[in-house]
Every structure is written in structure tokens, then in C-alpha cells.
Amino acid sequence: MIKKEMIAMLLAGGQGSRLGVLTSKMAKPAVSFGSKYRIIDFPLSNCINSGVDTVGVLTQYRPLKLNTHIGIGIPWDLDRNIGGVTVLPPYEKSSNSEWYTGTANAIYQNLEFMETYNPDYVLILSGDHIYKMDYEVMLDYHKKNNADVTIAVMPVPMEEAKRFGIMITDGNGRITDFEEKPENPRSNLASMGIYIFNWKTLKEALVTNASQPALDFGKHVIPYCHQNGSPLYAYEFNGYWKDVGTLSSYWEANMELIDIVPEFNLYEEYWKIYTRSEILPPQYLSSESVTERSIIGEGCEIYGKIYNSVIGCGVTIGKDTIVRDSIIMNNTVIGSGCEIYKGIVAENNVISDGVKMGVGDEVENETDPHIYNHGMVTIGEKSFIPQGVSIGKNSVVFGKTVASDYPGGSLASGKTLIKAGDER
């Protein structure tokens, strides 16, 4: 039998509905980040940098782009004969077939995969956070404490603690109690959704609770282990960690990459972030172009001016165009004479000449104010914006639009323009 000390199970099936049109046609972990990467690159790179060479990636929602990106794991050195990366979608069983209904249910449905490696420990990860963590250090902490379960935690401001699962610990880091999104939190140690389980403990907890509807780690598995007297420990992490679950946090995390001293550094030699890269020519900057405090991907052609922005690979930005405080994703073409302020422009878009984005006063979005806010303009993938139109703040466009979709040549602030046939 194959034997691995620790394997990782990476939950990457999330729909990411709070990212709006960015996740209409792909899972959240497949969304572009930091010009050339995708969100899932960060936990995958953490695995290989930490010496974890066996990773099961559990996919569900619109997995095509994610599956294509991961392939057989070559960029992360996870193309192994034994171990490596394995994509684990829900599958048809002879007696019954079911989607993954909760985080722990997804792991339960893949017990057979885990048993193949007969691990001592199982590392559970989420595929949609931006951070660098050495899981080997966390495993050493787990072993030192003879823990059955170790939960990575992060101190958060007390006023934000009620948004998280909160751990209450004694002086040695042992978890004495925990509260799921408490109204009056007793601690500020928030669960990061990163767990190390002893394999036997995990297996028993999953099998015993298998019939729970929407079997979940925070609601079912962790409480079960705690009630059974299993030693649970909190591993405190003090590095950079960002849940890019909303458009504003996603925009913010991208902008933090271009700070003068970035809190999250993509350029560290000893902790590289690996990704699947296309074979692209070098970037081209014309004599009229200006770039200030920006990240620009390979294969770009820049004829305009870019300030404080993150530009993906294969992007073209036309002459006399100004892009400011924006994220422009791969293979988007922006024409001449455009002005783009605080835009999140997804992949494979065409923005015609003379388009102005992010103009006017800030008005609440008419359909999804909890998604489209903070003055941003969001354009879904494979959209077309016709020549000379202006688009207001907190607005969203998705689809092949035409001039008649813009009364008086503009889309007012707070408006939603999603063409029939394009999914929300």
C-alpha cells in the first residue's frame, strides 16, 4: 500500500456569488489574480513549497476553466506517478448520486481517495484565499501538542470577530470552546478554514456524521471531535491572508500588490507562486506610453497611460487611453481615447474607442448593491462595449452590448446591463 505522511484536500468548488459576473461562468478559485495568476495558485503553491506532494482538488461549480488550468499539475511540480494533483468532481455512484452538499460532505465523498494513501494526517484547505503559509510548520505544531485536530487561526479586530468562527483557547493554545459567528465574541481568534486532522479522527467523524444534511466542518465535524474529547489546538498565523470573496476585497487585494512596500510580496525567491503560463511574447511599451506603480503581464501592448493598476497577460491598451486604479484581466482589448477609473474588467473583453468608465456620482446599484459597490465598474468576461459610451460608478455590464443599450450614449451609475442569454 502507498503511504504518505500528509495529504491535502483542497476545496475548490465554490460558486463565489459575491463576485457577481466574475464567477458567472467559472468557479471562484479560477478567477484571475495579480495579473498572471489564478486564486487557486496560492494554496497549490503553498502545498508544494511545504513539501505536500499529494493534493486532491474537489471541484463542483463550473469546473472547466479550473480543470484546464490545473491539468496534470506540471507548473506546481505535482505531476507525480504516486501522489501529485488529482481533480475530484462529484461522480455517479451505483446506488445514488449527489452533489457535494457541504465542505465536510465533499471530503466524506472522497474517503476512498484518501484511503489510497493511508495518510497519518489530512490537511483541509480552501481554494479561494490569498496567502503564503508553510503547512510543515503547522504540522510540527500539531505533532508537538499530540493534537487530533489543529485549526489555523488569525487574530482579527474584535469588532469584526462576529463574522467568523471564533476559537477560545487556554494558555497553551488548546481550544476550550468555539462559537460560529457569535453576536458577542469572547475571543478574536478567527478560524481560517485550514485544518490538520489525524486521519483516524477525521475518518471516524465523517462516517459518524455522514447523514447530517449539508455536512460541514464548522457546524458538525469540529463540534463532534470537541464533544468526544479529542485534543483540539489553535495554530496562530500572523502573516498576510485575504479572503477575496467580495468584489471590494478582491480589488483591494490586487491593489495591495502594487503598494510601494507590498504587504503581500509576489517576488520572494524562497516562496515562489507557481502558475500555468501561456507561451507569450514579451510586453511592448510604445514611446507614448506611461506606466506608474502597476503590474503588467507578459504579451501586453501598451500605447496609453496606466496608473496604479494590475494588467493581465495579452492585454492591448490603445493610444491616448488612461487606465487608473483598475484591474484589467487577460486578453482584453481596450481601444484608443478611453478613460477607465476603478474598473474590474474580466477576461477576453473588447472595450471600443472613446469609452469612459467610472464617471458621474456614486449611486447604489439597482439590482445587487451588496455586490456592486465602492464606486467600481464591473465588466463580465467576453463582453463588448460599443464606441463612445460612458458607464457610471457601481454599475455592471455583461454581454455583447450595442449602442442602443445605452440611452443617450451612457449607462448611469448604479445600473445593471446584462444581455439575455448571458448568465448572471
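A quick note: this is a predicted structure, and the numbers were derived from the prediction, not measured. (Residues numbered from 1 in each chain as written. Predicted model: local features only at pLDDT ≥ 70, side-chain atom pairs only at ≥ 80, totals over all residues. Heavy atoms only, no water.)

Taken residue by residue, the protein gives an average pLDDT of 89. The fraction at 70 or more is 90%. Taken as a whole, residues 92–97 scores under 50 in pLDDT and shows 4 contacts with residues more than four places along the chain or in a different chain. (pLDDT = per-residue confidence, 0-100. Contact = heavy atoms within 4.5 Å.)

Moving on, we get to the sheet that holds strand 33 (residues 416–418). Within the open sheet, the 7 strands sit side by side as 16-19-22-25-28-31-33. Their pairing is parallel. At either margin of the open sheet sits one strand with a lone partner, and together these are strand 16 (295–296) and strand 33. Bridge analysis of strand 19 (residues 310–311) against strand 22 (residues 327–328) gives 2 bridges, and the strand direction is parallel. Bridge assignment links Ile311 to a residue of strand 22, and that residue is Ile328. (Pairing = 2+ DSSP bridges. Helix = DSSP H or I, 4+ residues; strand = E, 2+ residues; numbered from the N terminus.)

Another aspect to go through is unusual backbone geometry. For Ser35, which is not glycine, the phi torsion reads 80° and is therefore positive. Residue placement: Ser35 occurs in the loop between strand 2 (32–33) and strand 3 (37–38). One non-glycine residue with positive phi stands out, namely His374, at about 55°. In this structure, His374 sits in the loop between strand 27 (356–359) and strand 28 (377–379).

Right, let's get into the environment of Val355. Here Val355 shows up in the loop between strand 26 (350–351) and strand 27. Sequence separation between Val355 and Ser277 is 78 residues, and the spatial gap between their C-alpha atoms is 30 Å. Contacts of Val355, omitting those with residues within four sequence positions, involve Gly337, Cys338, Glu339, Ile385, Pro386, Gly388 and Val389.

For the structure shown, the criterion picks out 11 aromatic pairs. Each ring, one from Phe197 and one from Phe217, has its centre 5.6 Å from the other, and the planes form 45°; the classification is tilted. Within this pair, whereas Phe197 is found in strand 11 (residues 189–198), its partner Phe217 is found in helix 7 (residues 217–227), the two being separated by 20 residues in sequence. The burial state of Phe197 is the same as that of Phe217; both residues are buried. (Phe/Tyr/Trp six-rings, centres within 6.5 Å; stacked < 30°, edge-to-face > 60°. Buried < 20%, exposed > 50% of the residue type's maximum accessible area, 1.4 Å probe, protein only.)

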